[in-house]
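Residue strings, one per chain:
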Amino acid sequence: MRRDPLAYLTAELASLKAQGLYRQLRILEDEQKPRTTVDHRDVVNLSSNNYLGLTTHPRLRERALEATRRFGVGTGSVRTIAGTMAIHMELERRLAEFKQTEAVVVFQSGFAANAGTVSAILGKDAVVVSDELNHASIIDGCRLSRASIKVFPHKDVDAARKALQSLPAGQRALLITDGVFSMDGDLGPLPELCTLAEEHGCIMMVDDAHASGVFGRNGRGTIDHFGVHGRVDVQVGTLSKAIGVLGGYVAGSRDLIDFLYHRARPFLFSTSHPPAVAAACIAAIDVLLEEPQIIDRLWDNTKFFKAGLAGLGFDTGSSESPITPVIVGDGALAMKLSDQLFAAGVFAQGIAAPTVPPGKARVRTIVTATHTRDELQFALDAFARVGRALGIIS
Ligand SMILES: Cc1ncc(COP(=O)(O)O)c(C=O)c1O
């Protein structure tokens, strides 16, 4: 009989099980909304990135259905061959207007936007200076580019400065940070990093995946929040989180976008979004512009929930956004907290290494604009009971 050449994967899985880190995928049996059904259980959902509740917003749903009726379900090609529909161009125009940049290119996902852009604009002669907690898609983009990578400690502007100062004059370099860090919910020090980039003549790039729709006027992101328009050369956003649909985009100069049209590999070699996706994203921009009170509700809920968790004595780290981690340290304990919360009717995922550094395991919570106060109070009561039972709080 043939020996299984993948047997080492089975051994890896056994090791995850032995450490209490093996996860079954949770199955959502209803819509992505604040109270839903997961694995046959009615739960308050604190696990999605659906910040504004747009996954089920009637305007987005209607526009997606209308686009499907008019244009079909798929595009049948990559953007550069026959897969660019008028609706894709309309979305890019609307996003560029919204982000106040010359142009925008839309990718299949935020992951593709980061990885495809960094690897397209840099080669092995370049250097990337990158925050240690930047998203995996940035790290993969850096690796694909074959540029040298200098990682600086989280948000440490002095360390980033030293890294840039050590480069030879005229060295092509990219300084890159997340706008909102996805596991801790804190903000990148954009004004200081922009100044550094200007002093050293390097490219400034921000991944604003968790800030689009959340920070800045009408959800324009951290560039707007910090007032650094015109100082960030490459802005990445996603359409998969607060926007409620799917996709990622890069906003910047006309030449940057034209270059990515020619060189970004996910754009060149992967089929474009179905028309329904583009249509729903356009409707989401309309909602951000016409119903900004949704963003106010998100922030009201965020303040209420954060105060509740901190009042119970949980370590919620340094979050400044609707992402609130409940840090417990040990990976197995984080999974236990998540499992017992689930049994109590609260869906909040446990996250351990390698997604977060070892010893920093946590349950990550995200409230949305559409949670009711009763739902959030129900979740806080469950956190109190389970946290005490596990000895995390007293
Ligand atoms: C900071 C950050 N950047 C990029 C992405 C990728 O976005 P998408 O889910 O659209 O691929 C994510 C999502 O996980 C993220 O958290």
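Scroll up to find the structure this text is about.
Bear in mind that the values here come from a model prediction, so they are computed numbers and not experimental data.

Cut-offs used in this document
Per-chain numbering applies: the sequence of each chain, read as written, is numbered from 1 onward. With pLDDT at 70 or above as the cut-off, local features in this predicted model cover only qualifying residues; side-chain atom pairs require 80 or more to be listed or tallied, and sums for whole chains, interfaces and linings still use all residues. Values shown for side chains rest on all heavy atoms present in the structure; no hydrogens or waters enter the calculation. We call a residue buried when its accessible area falls under 20% of the maximum for its residue type, exposed when it is over 50%, and partly exposed in between, using a 1.4 Å probe and counting protein chains only. The numbering of helices and of strands both runs from the N terminus, where a helix is a DSSP run of H or I of at least 4 residues and a strand a run of E of at least 2. The arc in question is traced by the directions running from the helix axis to the C-beta atoms. Note on definitions: a residue-residue contact is assigned when non-hydrogen atoms from the two residues lie within 4.5 Å. Think of it this way: DSSP has to see at least two bridges between two strands before they count as a pair. Whenever a helix is involved, its axis is fitted only over the stretch in contact; in every case the axis is a line through C-alpha atoms, and angles between N-to-C directions fall within 0 to 180 degrees. Residues are classed as near a molecule or strand on a simple rule: at least one heavy atom within 4 Å of it. Any pair of N or O atoms that falls within 3.5 Å is considered a polar contact. Within protein, one atom must be able to donate a hydrogen and the other to accept it, and sequence-neighbouring residues count only if both atoms are side-chain atoms. Using the Shrake-Rupley algorithm and a 1.4 Å probe, accessible areas are obtained, with residue cover drawn only from the displayed protein chains. For patch detection, residues must exceed 30% relative accessible area and be free of salt bridges, and they are connected within 9 Å for like charges or within 5 Å for nonpolar side chains (Val, Leu, Ile, Met, Phe, Trp, Tyr). For this analysis, a salt bridge means a side-chain nitrogen from Lys or Arg found within 4 Å of a carboxyl oxygen belonging to Asp or Glu.

Draft legend 1. The arrangement of helix α9 (residues 254-263) in detail. Along α9, the residues that are buried comprise Leu-256, Ile-257, Leu-260 and Tyr-261. Down the axis, α9 shows its buried residues gathered within 140 degrees of arc, on one side only. Opposite the buried face of α9, by more than 90 degrees, sit the exposed residues Asp-255, His-262 and Arg-263. On its buried face, α9 sits against α3 (86-99), β3 (103-107), α4 (110-121), β8 (234-238), β9 (248-252) and α10 (265-269).

Draft legend 2. How the structure looks around the sheet that holds β9. The 7 strands lie next to each other as β3-β9-β8-β7-β6-β4-β5, forming an open sheet whose pairing is mixed. One side of each edge strand has no neighbouring strand; the edge strands of this open sheet are β3 and β5 (148-152). Averaged over all pairs of adjacent strands, the angle between their axes in this sheet comes to 20 degrees, without regard to strand direction. Here 5 bridges tie strand β6 (residues 173-178) to strand β7 (residues 203-207), and the two strands are oriented parallel to one another. What sits directly across from Asp-178, in β7, is Asp-207.

Draft legend 3. Representation of the site of the ligand. In the vicinity of the ligand lie 15 residues, with Gly-110, Asp-207, His-210, Ser-240 and Lys-241 positioned nearest. In the model, a nitrogen atom of the ligand is placed 2.6 Å from a nitrogen or oxygen of the Asp-207 side chain. Contact distances for the ligand include 3.5 Å between an oxygen atom and a side-chain N or O atom of Thr-238. Burial of the ligand by the protein amounts to 83% of the accessible area it has alone, namely 390 Å².

Draft legend 4. Structural context of a nonpolar patch on the surface. Together, Leu-6, Tyr-8 and Leu-9 make up an exposed nonpolar region whose accessible area comes to about 310 Å². For Leu-9, a relative accessible area of 39% puts it in the partly exposed group.

Draft legend 5. Spatial organisation of unusual backbone geometry. The omega torsion of the bond from Ala-353 to Pro-354 falls at 10 degrees, within 30 degrees of zero and hence cis. Within the secondary structure, Pro-354 sits in the loop between β12 (350-351) and β13 (361-366). Unusually for a residue other than glycine, Asp-39 sits at a positive phi of about 45 degrees. Of note, Asp-39 is situated in the loop between β1 (35-38) and β2 (41-45). The partly exposed category is assigned to Asp-39, whose relative accessible area is 26%.

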